[in-house]
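Next come the chains, spelled out residue by residue.
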Amino acid sequence: MDEHVAAMCEQLIKAVNVTMDPESSQIYRLEALKFFEEFKEKSLLCVPCGFHLADKAQPAQIRHFGLQIMEHVIKFRWNDMQQHEKIQVKDCTMQLLSQGTHPILEEESYIKDVLSRVVVEMIKREWPQNWPNMLEEMETLSNEGEAQTELVMLILLRLAEDVITFQTLPQQRRRDIQQTLSQNMESIFNFLMAILHANIEDYRKLKVLPQHELKARAHCRVAVVTLSTLAGYIDWVSLTYITSDNCRLLESLCLLLSEPELQLEAVECLLIAISRKGKLEERKPFMLLFDDVAINYILSAAQSANIPATPTQPVEVVERRYVFLKRLCQVLCALGNQLVSLVGSDVKVDVPANLGKYLEALLAFTTHASMFLRSTTLLTWASIFRHETLSQEPVVVKMTIKYLKASTTNLVKTGFPSRNDHPSCQFSRVDFDSDEDFNAFFFSYRSCLGQGVRCACRIVPLEAFEMSAMWLRLLLGNINEPPPGEGLCPRLSAPALEWDAATVFLECVVPHVLKTLDEEKLPVDVSMELLEAVLNYDSQDPHVVSCVLTIVSTLFPLIQHRLQFLPQVLFKLFETATFQPVQEAKALRSRAVTSVRRHAGAALIKICRDFPQLILPCFDMFYAHVKEMFAGDPKLSFMEKGALMESLVLISNEFKNFDKQKAFIDELLAPIMSEWMSDTIKQVLSNPVLFLAFVGADRVVEEQLGEVDDVGLNRAKLGFCLNTMLSVIKRSRCPADPQAAEAGGFLAGYSPLGAPIYKNPAAAQFLAFLPNLLALIRTQNSLFMPENRARLSETFTRVYDLMDGERNVVLGLANPVQDSYDTPTLKTNLERMQGFFCHMFENSFHLLGNGGPSLQQEFYNIDGLAEKISASAFFSLDHVPDYRLRPILRIFLRQMVLSCPAEYYDSLLCPLLGPIFSFILQCLKLKWNVINQRAAANGEEEEVVVCQESQVTEEILEEYLVRLLTREVLDFITASCISRKVPEPAGSKEEIEEDDVMMDATQASSTAAATEELTDLGKSLLKDENIYMTLLSFTFTSLSWKDGAYCHRTASIICWTLMRQVIGMNLLPEAVSWIFVSVLKGLQMHGQHEGCNASLTLLAMQIYDNLRPHYTELRAVMHQIPNIDVKALDLYDRRLLEPNNTQKVAEKKRKDQFRKLLAGTVGKALCEQFRKEVHIKNLPALYKKAKPEKDVLCGDETAGLTVLFSPQRDTL
């Protein structure tokens, strides 16, 4: 070996040891790393040093570094090497594969990995053109031993991943390699299967012989890596290779499910294969897996997974075994999807004879202790129950009953990771990091489980109902509540969870029983028996009472067959609305009790909304009882009173008489209106100083233990007035039937377009309520002004901050589990005041926003409405924080705009929306500039400034709020100005996966896109030049804000829709240039994201194509793009500007050409900015058809059809 090479190797070894020594200082380690990088980039000794260090006599770490050097050389220097140098590298590498590794069980896995990467990098650059016999060399190499066979498998796997999965090659090289792989796939598959079968057979023979344990493990290792390699090919090869020879491959994989050392890799292969899509005809052979051999092995593996735990032998979760069970469960679900797709389709597949065994296997996972495994099966069960053919099979009907029984257990919320009271807790600790994660998962899990139960009810409705009835009778007969004075059942106790699950089950069953069965077959008698038992059930436990309320609401639709139970139901709901356990006082009311009382109010609203005709005969009794409750129950909160009043309004809609409804609403609202219209309230609502004093925000308050003071009552009264008026205005309606509305006196006239105009019975009360409402809104906006903030006391200085719950929602954090559910709902004075201001602000705009949809012309006809709204809702918006601007847009402006009749666009909406659009544009511009400046400053000072965690959190919160406000504005503009027209689909197409792998994402066939057009309101707004320019400025400026999702939606939906309106007008050249530059800035900011790149490129092309003929300034802008191909730009312009140009180009090709022109503007993602680019040269193309040597249509006179059909066609 050359002395220079030896000396350099010695230095490299020392440097490697320094970097790997944990006691090395940071300075030495950095110097060593710098030395490595300089050596790999500049040294001419990389190849000899790399192979010398990779010698198997060296330590593993040194060998790994040597192979890394070789990988670097091949990646970044291969194009500069001479042919003989390349051959030398290839020969030395093959020598390493053959003799340069230790035995298979002794060699380090990272050595095998890097060695396979080195070979694959050469293959990517030279095969098949310059290395045609590569596959033969690999096959020969595999005959030298287990270690070499494993390396060959790793090489084939890595090659498939790079070419097919990750696509890390240029398009032509990838196509060459993929086509060659596809041409040789039969031999590759035969080679893999031969290796697999031989090693499995040897492993089974040797594993029972103690003296051959190491040899058996070696064969097992080869079998494992071969299965992994198969998995890399099964995902994309033609289905014919997978299903050939009566699915021999899949059957072999099923047989391996009984081998503990191979079952995980085998089931992963099986999962990939069965999950394949494609033509139904090609997938038909998958049904062979329902034959005896395969299904028996699957059933055996599934049933062995469900071993029940015992007190003496708890469940032990072995990770590898658990992962295998997850994959096997997914295999069963994928097989079920194939079954559902094939049975009953055009390919005429019969229901398999072993369907019962398959369902038994699926049920084994549905009853497993692991919630993850249970949840995986749910969608498959639902698809089977919905299938027209399968759902009629007797075995499915029988299994449906078993599924419903299993669901009664699965609905019970057990398995918290923090507990140890159920076998599923062990599995939950593996699957979930915390109880919060478990709660979030269980919510979606129960939703899917409920969907499955509903589908099952379509098959066996009566059996499902009987099952729920038995469960409910059992709970009603079990008295598990503690005696009075000993506390209540905890929310997560077994009885409470059982009640909760039974309630959910009944909720799923009863509606589908009503839909499925004819009226004479409905189980009315049993239902009424249950309802009577539930109504007579007396409990002091709020959790049980809440479930009882849900059960009453669920069974209520059946009460129309037994109307004598209606008064009992109403009195039960009234009684529960004032539920108060003996040991609790109002001031110390627990969360659970508060929840029950609100639940009762919601239940009353629900039945009055859904069945008002049933309740109407009891209206007088209902009203009298409500009056009695208002007069005699001091514990009734204002919120509970509001719910009762809302129920009354819903029933009153059935009067269908305007005068009667108006008189009732006047009477109902009389106390509220007298309070709201009083002189004191008028002054308070109009003056920020008096308002703060009235609600107590200017007082220094000590914490009180549940006591209610005078200012607390003031806040409650204001909230009650707002909530009640909001409920009334939302619920008060005229009849939906035009004839009934006209007969009842609701018709007020007709619009200029001939549409009927109806009166709202609550209109008079709302219009009287409105002036003070507008004063309140103005006052609330002014509270954010500095002089009014200064009037807040020390106790309430943070009263305008986001509440913790809202903060967590914005930041995407889970709110903590309420462990103190049974404790009193005590809040600090600050929390109560925060809640008051938040609810008052939102409810004020809710009420104002509902005025339009509810009152229609009566609202929009108000004199000077635009000025009144501008002077109140839009007052002092520059001081209103972002999280308060969003409700103004979402719950006020959006509702008012979308329900506004067209005749009020010019007089009302244009004067309102013009200033608000202008304000929001300036506001968001400033906020995004601050965010961008902060990001730039943080990038420069990242190593100097260490920010406090709270400061970082506040900055993140601020940025999130700006993003949410920006998206809210986008949604508002889209809803008010843009209408989308989706073309009718041309027809369904079957998925053909084999073609997909031959395409890039950009080459995939696109579905017909929706077209955007301006709404009538949008056209009206754009008539105003100031509004139009504001919208254009806003949408194009915002393309470069750091929000990719917003940019994509704006570019694809709004920008061109607005821009298209001015294409034929005379625009200033500076404006055209600014618009085009704005799009290019968006590409610079977001172009690395595929979706944004596509939408922005299309937008830029649309602007360039339509405006370039009239504005040469666009070409000057294009010239400023870095590295632009001027010749390509000239060619594009020539084709664009010359209408008679014969060289017309397809639309897709034009888009590709324009995308290449803009490539220099596309910014790089952070992860790619400092990555060294790998350049792989294209080799002479394979499979390229030769071009004709002569154009028969451009020859002499004799050239024509006679030449085309001539027997002598060598010239063609």
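All values derive from a computational prediction rather than experimental measurement.

Student: Just to check I follow, could you spell out helix H53 (residues 1147-1157) for this structure?
Tutor: Those residues of H53 that sit buried are Arg-1150, Phe-1154 and Leu-1157. End-on view of H53: buried residues confined to an arc of 50°, all on one side of the axis. In H53, those exposed residues whose orientation departs by more than 90 degrees from the buried face are Lys-1149 and Lys-1156.

Student: Explanation requested: the environment of Pro-735 in the structure shown.
Tutor: Within the secondary structure, Pro-735 is located in the loop between helix H34 (710-731) and helix H35 (738-743). When the C-alpha atoms of Pro-735 and Asn-657 are compared, they prove to be 8.9 Å apart, with 78 residues separating the residues in sequence. Among all residues touching Pro-735, those that are not within four sequence positions of it are Lys-656, Ala-740, Ala-741 and Phe-746.

Student: Looking at this model, I keep getting lost on the environment of Lys-572. Mind explaining?
Tutor: Positionally, Lys-572 belongs in helix H26 (residues 566-577). In contact with Lys-572, other than residues within four places in its own chain, are Val-534, Leu-535, Tyr-537 and Val-548.

Student: Mind showing me how you'd approach the packing of H26 against helix H29 (residues 619-632) here?
Tutor: Two packed helices can be described by the angle between their axes and the distance between those axes. Where H26 contacts H29, the two axes come as close as 12 Å, and the packing angle between them is 15°. When the axis of H26 is compared with that of H29, the two are roughly parallel. Relative to H29, H26 is oriented so that their crossing is right-handed. Two secondary-structure elements touch here, H26 through Leu-570, Phe-571, Phe-574 and Ala-577 and H29 through Met-621, Phe-622, His-625, Val-626 and Met-629. Partitioned by chemical class, the residues of the contact of H26 with H29 number eight nonpolar, one polar and no charged.

Student: Looking at this model, I keep getting lost on the environment of Met-1085. Mind explaining?
Tutor: Mapping Met-1085 onto the fold places it in helix H49 (residues 1069-1086). Separated by 77 residues in the primary sequence, Met-1085 and Val-1162 place their C-alpha atoms 7.3 Å from one another. Excluding residues that lie within four positions of it along the chain, Met-1085 makes contacts with Ser-1040, Trp-1041 and Lys-1042.

Student: It is not clear to me how empty space enclosed by the protein should be interpreted in this structure. Could you clarify?
Tutor: Leftover empty space is mapped by rolling, across the atoms, a probe with the size of a water molecule. In the structure shown here, the tally under the stated rule is six cavities of 30 Å³ or more. Approximately 120 Å³ is the volume attributed to the largest cavity. Lining the largest cavity are 13 residues; nearest its centre among them are Phe-784, Tyr-800, Phe-837, Cys-838 and Arg-884. When contributions to the lining of the largest cavity are tallied by element, the ones reaching two or more residues are helix H39 (829-855) and helix H42 (882-898). At four residues, the largest contribution of residues to the lining of the largest cavity is made by H39. Within the lining of the largest cavity, the residues separate by chemical class into nine nonpolar, two polar and two charged. When contributions to the lining of the second largest cavity are tallied by element, the ones reaching two or more residues are H42, helix H43 (905-940) and helix H44 (949-977). Take the lining of the second largest cavity: its biggest share by element is five residues, from H43.

Student: What's the story with the pairing of strand E1 (residues 747-750) in this structure? I'm lost.
Tutor: Residues in a regular strand point their side chains to alternate faces of the sheet. Both E1 and strand E2 (residues 756-758) contribute to a ladder of three bridges, which runs antiparallel. Counted as the bridge partner of Gly-749 is Ile-757 from E2. Taken together, E1 and the strand that follows it, E2, pair antiparallel across an intervening segment of five residues, in which Gly-754 is found at a positive phi of about 90°.

Student: What is the right way to read the pattern of salt bridges from this model?
Tutor: Pairing is possible between side chains that carry opposite charge, provided their charged atoms lie close to one another. Counted by the stated rule, this structure contains 55 salt bridges. For Glu-121, the salt bridge goes to Lys-124, with nearest N and O atoms at 3.1 Å. On the criterion of helical spacing, the pair formed by Glu-121 and Lys-124 is a turn pair, its members being three residues apart in helix H6 (residues 109-126). An identical accessibility class is assigned to Glu-121 and Lys-124; each is buried. Here Arg-419 ties to Asp-421 by a salt bridge, and the two come within 3.5 Å at their closest N and O atoms. By relative accessible area, Arg-419 is classed as partly exposed at 31%. Taking the relative accessible area as the measure of exposure, Asp-421 reaches 52% and is therefore exposed.

Student: I would appreciate a short explanation of unusual backbone geometry in the present structure.
Tutor: Here Trp-127 and Pro-128 are connected by a cis peptide whose omega angle stands at 0°. Its identity is not glycine, yet Gln-167 carries a phi of approximately 50°, on the positive side. Gln-167 sits in the partly exposed class, given a relative accessible area of 34%. Positive phi values are uncommon outside glycine, yet Gln-856 reaches one of about 55°. Residue classification places Gln-856 among the partly exposed residues on the basis of a relative accessible area of 26%.

Student: What is the right way to look at the side chain of Asn-781 in this model?
Tutor: Tracing the chain through its elements places Asn-781 in helix H36 (residues 763-782). Residue classification places Asn-781 among the buried residues on the basis of a relative accessible area of 0%. Of the polar contacts made by the side chain of Asn-781, one reaches the backbone oxygen of Phe-875; its length is 3.1 Å. Excluding anything up to four places from it in sequence, Asn-781 contacts Phe-841, Phe-845, Ser-872, Ala-873, Phe-874, Phe-875, Ser-876, Leu-877 and Val-880.

Student: Honestly, helix H20 (residues 424-431) in this entry has me stumped. Any pointers?
Tutor: For H20, the set of buried residues is Ser-424, Cys-425, Phe-427 and Ser-428. The buried residues of H20 occupy one face: seen down the axis, they fall within an arc of 160°. Along its buried surface, H20 packs onto helix H16 (319-342), helix H18 (371-386) and helix H21 (435-459).

Student: Please clarify how the packing of helix H19 (residues 394-410) against H21 should be interpreted in this entry.
Tutor: Here H19 crosses H21 at 150°, and the two axes come no closer than 10 Å. Comparing their axes, H21 and H19 come out roughly antiparallel. Crossing of H19 over H21 shows left-handed handedness. Contacts between H19 and H21 pair Val-397, Thr-400, Tyr-403, Leu-404, Ser-407 and Asn-410 from the former with Phe-442, Tyr-445, Leu-449, Gly-452, Val-453, Ala-456 and Ile-459 from the latter.

Student: What exactly am I supposed to notice about a nonpolar patch on the surface here?
Tutor: A grouping of Val-952, Ile-956 and Tyr-960 is seen on the molecular surface, where their side chains present a nonpolar patch of about 230 Å² in accessible area. Inspection of the secondary structure assignment puts Ile-956 in helix H44. Looking at Ile-956, the relative accessible area reads 38%, which means it is partly exposed.

Student: Would you mind showing me how to read the packing of aromatic side chains here?
Tutor: Applying the stated rule across the entire model yields 46 aromatic pairs. The interplanar angle of 85° and the centroid separation of 5.6 Å between the aromatic rings of Phe-432 and Phe-438 together place this pair among those described as edge-to-face. In this pair, the class of Phe-432 matches that of Phe-438, namely buried. A ring pair is formed by Trp-1041 and Tyr-1046, whose centres lie 6.5 Å apart and whose planes are at 20°; its orientation type is stacked. Residue Trp-1041 shares its accessibility class with Tyr-1046, and that shared class is buried. Here the aromatic cluster, defined as three or more aromatic residues joined through ring pairs, consists of Phe-691, Phe-784, Tyr-800, Phe-836, Phe-837, Phe-841, Phe-845 and Phe-892. Here the basic side chain of Lys-326 rests over the ring of Phe-372, its NZ or CZ set 4.7 Å away from the ring centre. Above the plane of the ring of Tyr-623 lies Lys-627, whose end atom (NZ or CZ) is 4.2 Å from the centre.

Student: For this particular structure, what's the right way to read the state of the cysteines?
Tutor: Disulfide: a covalent bond connecting the sulfur atoms of a pair of cysteines. With the rule as written, the count across this model stands at zero disulfides. Cys-9 carries a free sulfur, and the closest cysteine sulfur to it, the one in Cys-49, is 3.7 Å from it.

Calculation rules
Residues numbered from 1 in each chain as written. Predicted model: local features only at pLDDT ≥ 70, side-chain atom pairs only at ≥ 80, totals over all residues. Heavy atoms only, no water. Buried < 20%, exposed > 50% of the residue type's maximum accessible area, 1.4 Å probe, protein only. Helix = DSSP H or I, 4+ residues; strand = E, 2+ residues; numbered from the N terminus. Arc of directions from axis to C-beta. Contact = heavy atoms within 4.5 Å. Axes fitted to C-alpha atoms, helices over the stretch in contact; angles between N-to-C directions. Parallel < 35°, antiparallel > 145°, perpendicular 65-115°, else oblique. Left-handed = near helix turned anticlockwise from the far one by under 90°. Nonpolar A, V, L, I, M, F, W, Y, C, P; charged D, E, K, R; others polar. 1 Å grid on protein atoms, 1.4 Å probe; cavity = no way out; pocket = protein on both sides within 12 Å on 5 of 7 lines; lining within 4 Å. Points joined across faces, edges and corners; volume = space filled by probe spheres on them. Pairing = 2+ DSSP bridges. Salt bridge = Lys/Arg side-chain N within 4 Å of Asp/Glu carboxyl O. Polar contact = N/O pair within 3.5 Å; in protein donor to acceptor, adjacent residues only side chain to side chain. Patch = residues over 30% accessible without salt bridge, like charges linked within 9 Å, V, L, I, M, F, W, Y side chains within 5 Å. Areas by Shrake-Rupley, 256 points an atom, 1.4 Å probe, with all protein chains shown as cover. Phe/Tyr/Trp six-rings, centres within 6.5 Å; stacked < 30°, edge-to-face > 60°. Lys NZ or Arg CZ within 6 Å of the ring centre and 35° of its normal. Disulfide = S-S within 2.5 Å.

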